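Results of the structural survey
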Amino acid sequence: MHRSAQNTDHLEEEVRGNGIEMGRQLFLILTITLALGASQAKLELNTDPSPVVVKAGETVNLKCLLKVEKMPLDMKRLMVQWYNRGKLVAEYDEKLTINKPEVSMSIDALTKGDATLTITKPTHEHSGNYRCYVYYATDQVMKQITLQVDDPNKPKEEDIDLGISDTIIKSKVDKIIDLFSTFDRKLDVLIRDSKKCSPKK
């Protein structure tokens, strides 16, 4: 009986020790994986100089070219968002979502690091700031492009009932909406990545 009890205690200690060692190994693997993912990202964005000026009706490409150290891109770790006036107009997050019929992006181009936003038949209503948010692995970068559409049908300044202070307030509100939307999407990415890195039971 005494020898049996000793054997049981020894077995319990061995199991406990193996569990601790396995936990250490999993933690080490997770740390190395995250470190490698961060080192391989180092995201860079390049855009055209602002403002981009076009005539009404002319197709315009708002360039947003991304570059990472290790190509080709891992599309499962990539998310791209285009915002205009606080509204999400286009998004890639494992699938392409377009919220305006005159706007388009190319998934084939995205695989090569080209997140260009194309606008067909733009009018003065398309003028404004366009923000390209790119998330890749643990990196996040944003570039802003100002689009100016020369439209003869644009209402005269005196016909626009919008004061300077109202314009400033609207611009600030747009930025706040962008920040909240970006934070929400980034949180989703972090949750998704953490689930991928978690060991399966």
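Residues numbered from 1 in each chain as written. Predicted model: local features only at pLDDT ≥ 70, side-chain atom pairs only at ≥ 80, totals over all residues. Heavy atoms only, no water.

Examining the overall build of the protein chain
Secondary structure summary: the protein chain contains 3 helices and 11 strands in total. Relative to its full complement of 201 residues, the protein chain shows a buried share of 30%. Of the roughly 13,400 Å² of accessible surface on the protein chain, 57% is carried by carbon and sulfur atoms. (Helix = DSSP H or I, 4+ residues; strand = E, 2+ residues; numbered from the N terminus. Buried < 20%, exposed > 50% of the residue type's maximum accessible area, 1.4 Å probe, protein only. Areas by Shrake-Rupley, 256 points an atom, 1.4 Å probe, with all protein chains shown as cover.)

Notes on the sheet that holds strand β8 (residues 103-104)
If you trace the 3 strands from one edge of the open sheet to the other, you get β3-β9-β8, paired in antiparallel fashion. A single partner strand is all that each edge strand has here, and the edge strands are β3 (60-62) and β8. Direction of pairing for β3 relative to strand β9 (residues 117-119): antiparallel, over a ladder of 3 bridges. Bridge pairing in β9 links leucine 62 to leucine 117. (Pairing = 2+ DSSP bridges.)

Points about the state of the cysteines
Per the stated rule, a full pass over the model turns up 1 disulfide. Disulfide partner of cysteine 64: cysteine 132, at an S-S distance of 2.4 Å. Residues cysteine 64 and cysteine 132 share a disulfide whose torsion about the S-S bond is about -85 degrees; that sign makes it left-handed. Separated by 68 residues along the polypeptide, cysteine 64 in strand β4 (residues 64-67) and cysteine 132 in strand β10 (residues 128-136) bring together distant segments of the chain. In this structure cysteine 64 comes out as buried when scored by relative accessible area, which is 0%. In this structure cysteine 132 comes out as buried when scored by relative accessible area, which is 0%. (Disulfide = S-S within 2.5 Å.)

As for the pattern of salt bridges
The final tally for this structure, using the stated rule, is 1 salt bridge. Across the salt bridge formed by glutamate 69 and lysine 42, the nearest N and O atoms sit 3.5 Å from each other. On the criterion of sequence distance, the pair formed by glutamate 69 in the loop between β4 and β5 (78-84) and lysine 42 in the loop between α1 (2-41) and β1 (44-47) is long-range, its members being 27 residues apart. Using a relative accessible area of 54% as the deciding quantity, one classes glutamate 69 as exposed. (Salt bridge = Lys/Arg side-chain N within 4 Å of Asp/Glu carboxyl O.)

What about the sheet that holds strand β6 (residues 87-92)?
Sheet architecture is open: 6 strands sit in the order β2-β11-β10-β5-β6-β7, paired in mixed fashion. The sheet is open, and its two edges are formed by β2 (52-55) and β7 (96-98), each paired on a single side. Along the sheet, successive strands turn relative to each other by an average axial angle of 25 degrees, direction set aside. Summarising the sheet, β5 and β10 pair through 7 bridges and their orientation is antiparallel. Among the inter-strand pairings, tyrosine 83 is bridged to a residue of β10, identified as arginine 131. (Axes fitted to C-alpha atoms, helices over the stretch in contact; angles between N-to-C directions.)

Concerning the pairing of β2
Here β2 shows one buried face, formed by Val52 and Val54, and one open face, formed by Val53 and Lys55. By the bridge criterion, 4 bridges tie β2 to strand β11 (residues 139-150) in an arrangement that is parallel. Paired with valine 53 across the bridge in β11 is glutamine 148.

A few points about the confidence of the model for the protein chain
Scored by pLDDT, the protein chain comes out at a mean of 79, with 60% of its residues at no less than 70. Confidence drops under pLDDT 50 across residues 158-165; counting only partners more than four residues distant or on other chains, this segment forms 2 contacts. (pLDDT = per-residue confidence, 0-100. Contact = heavy atoms within 4.5 Å.)

What about the pairing of β5?
In terms of burial, β5 is largely enclosed, as 7 of its 7 residues are buried. Burial of the side chains of β5 extends over both faces: Leu78, Val80, Trp82 and Asn84 are buried on one face and Met79, Gln81 and Tyr83 on the other. Pairing geometry for β5 and β6, over 5 bridges, is antiparallel. What sits directly across from asparagine 84, in β6, is lysine 87.

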